[in-house]
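Next come the chains, spelled out residue by residue.
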Amino acid sequence: MPTVLLGASRPRGPRPLLGGALLLLVGCAAGQSAPSDRGVLPPPPDAPGIQFADTLGPCLPGRPGCPTPDGSAPRDGLGSDGDARATDGPRRDGPRTDGPRRDSRPADSRRPDARPPDARLPDAAPKPCELTEGSAARWLGSCTGPTGCSTAFSDDPGTVKVGTSSLRFACTQCGFDNTARLAAPAGGWNLKSYAYATFWARSQVPSSLGWQNGANGNNPWLVLRDAAGNSRRSEPADGTFDFNTSRTQWVQLQLPLAPAANYKVTDAGAFDLSRVVSLELHVDPWDFGFTLWLDGLAFGPGVFSQCP
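Calculation rules
Residues numbered from 1 in each chain as written. Predicted model: local features only at pLDDT ≥ 70, side-chain atom pairs only at ≥ 80, totals over all residues. Heavy atoms only, no water. Disulfide = S-S within 2.5 Å. Buried < 20%, exposed > 50% of the residue type's maximum accessible area, 1.4 Å probe, protein only. Helix = DSSP H or I, 4+ residues; strand = E, 2+ residues; numbered from the N terminus. Polar contact = N/O pair within 3.5 Å; in protein donor to acceptor, adjacent residues only side chain to side chain. Contact = heavy atoms within 4.5 Å. Core = buried A, V, L, I, M, F, W, Y, C linked by side-chain atoms within 4.5 Å. Pairing = 2+ DSSP bridges. Axes fitted to C-alpha atoms, helices over the stretch in contact; angles between N-to-C directions. Salt bridge = Lys/Arg side-chain N within 4 Å of Asp/Glu carboxyl O.

J.: It is not clear to me how the state of the cysteines should be interpreted in this structure. Could you clarify?
T.: All told, the structure shown has 2 disulfides when counted by the stated rule. Between Cys143 and Cys149 runs a disulfide, and the two sulfur atoms are separated by 1.9 Å. Sign of the S-S torsion, about 95 degrees for the bond between Cys143 and Cys149, identifies this disulfide as right-handed. Taking the relative accessible area as the measure of exposure, Cys143 reaches 21% and is therefore partly exposed.

J.: So what exactly am I meant to see when it comes to the side chain of Ser207 here?
T.: With respect to the secondary-structure elements, Ser207 resides in the loop between β7 (196-204) and β8 (221-226). Here Leu209 takes part through its backbone nitrogen, which lies 3.1 Å from a polar atom of the side chain of Ser207. Those residues in contact with Ser207 that lie beyond four places of it in its chain are Arg247, Trp286 and Asp287.

J.: I keep staring at the nonpolar core and nothing clicks. Help me out?
T.: Taken as a class, soluble globular proteins show a tendency for nonpolar side chains to be buried jointly. Trp189, Leu191, Leu224, Leu279, Phe290, Phe299 and Phe304 are the most contacted members of the largest nonpolar core, which totals 40 residues. For this core, the secondary structure elements donating two or more residues are β5 (166-172), β6 (175-183), β7, β8, β10 (251-256), β12 (276-283) and β13 (290-300). The element best represented in this core is β13, accounting for 6 residues. The contacts of Leu224, once residues within four sequence positions are left out, are Leu191, Asn230, Ser231, Arg232, Leu257, Phe271, Leu273, Val276, Ser278, Leu279 and Phe299.

J.: Before we go on, may I ask you to explain the sheet that holds β10 in this structure?
T.: Paired through their backbone hydrogen bonds, the strands of a sheet run either parallel or antiparallel. With respect to topology, 5 strands assemble into an open sheet ordered β4-β5-β13-β7-β10, the strand pairing being antiparallel. Every other strand in the sheet has two partners, leaving β4 (150-156) and β10 as the edge strands with one partner each. For this sheet, the mean angle separating the axes of adjacent strands, direction not counted, is 30 degrees. As paired elements, β7 and β13 share 8 bridges and run antiparallel to each other. In the sheet register, Tyr196 faces β13, and the bridge partner there is Gly300.

J.: So what exactly am I meant to see when it comes to the sheet that holds β8 here?
T.: Reading across from one edge, β3-β6-β12-β8-β9-β11 is the order of the 6 strands in this open sheet, with antiparallel pairing throughout. Each edge of the sheet is formed by a strand with only one pairing partner; in this case those strands are β3 (139-144) and β11 (263-268). The mean inter-strand angle of the sheet, taken between neighbouring strand axes irrespective of direction, is 20 degrees. Bridge count between β6 and β12: 6 bridges; the pairing is antiparallel. Among the inter-strand pairings, Asn178 is bridged to a residue of β12, identified as Val283.

J.: Sorry if this is basic, but what is going on with the pattern of salt bridges here?
T.: Pairing is possible between side chains that carry opposite charge, provided their charged atoms lie close to one another. Summed over the entire model, instances satisfying the criterion amount to 5 salt bridges. Linking Arg181 and Glu280 is a salt bridge whose minimum nitrogen-to-oxygen distance equals 3.9 Å. Of this pair, Arg181 sits in strand β6 while Glu280 sits in strand β12; the two residues are 99 residues apart in sequence, bridging distant segments of the chain. Using a relative accessible area of 32% as the deciding quantity, one classes Arg181 as partly exposed. Across the salt bridge formed by Arg233 and Glu235, the nearest N and O atoms sit 2.8 Å from each other. A relative accessible area of 24% places Arg233 in the partly exposed class. Classification of Glu235 as buried rests on a relative accessible area of 6%. Salt bridges here are not isolated pairs; linked through shared partners, they connect Arg181, Arg225 and Glu280.

Honestly, it's all geometry; don't read function into it.
Structure follows, in structure tokens:
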């Protein structure tokens, strides 16, 4: 079968023309017949009768390396300084730079995340918070004792149940009713959609008797106060909970915000759960002094996000 012998490389200068067409060298394998017209690639109907014996195939006007119709030297697309130069025809090796953009919209409007200038992002989901996380500076304490007493609050990263720190409530020479108080943010708390206050507790009490119940209340008890000075108190019912378990392990409590089984809930005045301005946690030890750690304090169920 006749084969076309292709040139090893492209000539750099004008190529000799023979009768308007470049001569193709056709070889015949041993024992085969002489080459025929089938070994010559015919030029396309709309192209001049110019044929190269190389891998480029038919030479079309404007192709780099092709002779021009007037017989001048072929163009290779590069100037004398090696920089790209425009050819007589449209560029085939890069984007158009002399015509309009195919997409005339402003660039910003084609970004996947584009939105109208006045469009608002959707509101972020409420971020849950706990009232004992990094909040020691906002707590106030009160205490009672026959020889005087003092209170101190600190964030404790070494004794933790939830988050990165707990609230440490240290009370020196404290007996009877002792309080840790936190004020609500401006505008108060609207707690109508919540059913309880929940928190974790752990404690140390020097007295071997630990925590006492009955004299001032059942440990621990919660007091909420509203903007008008009314209050609501919630505590475990008699005999239902022994707070001394907190001396050896973390214990979780849920003190209801409304009357519930196994708890005592009492009001002083016409208490308004939608206008709460402060919460108080009260404890009463035997003898004097204690350290109480509180963690994960929030209102529930659901997400509580009204941190000060």
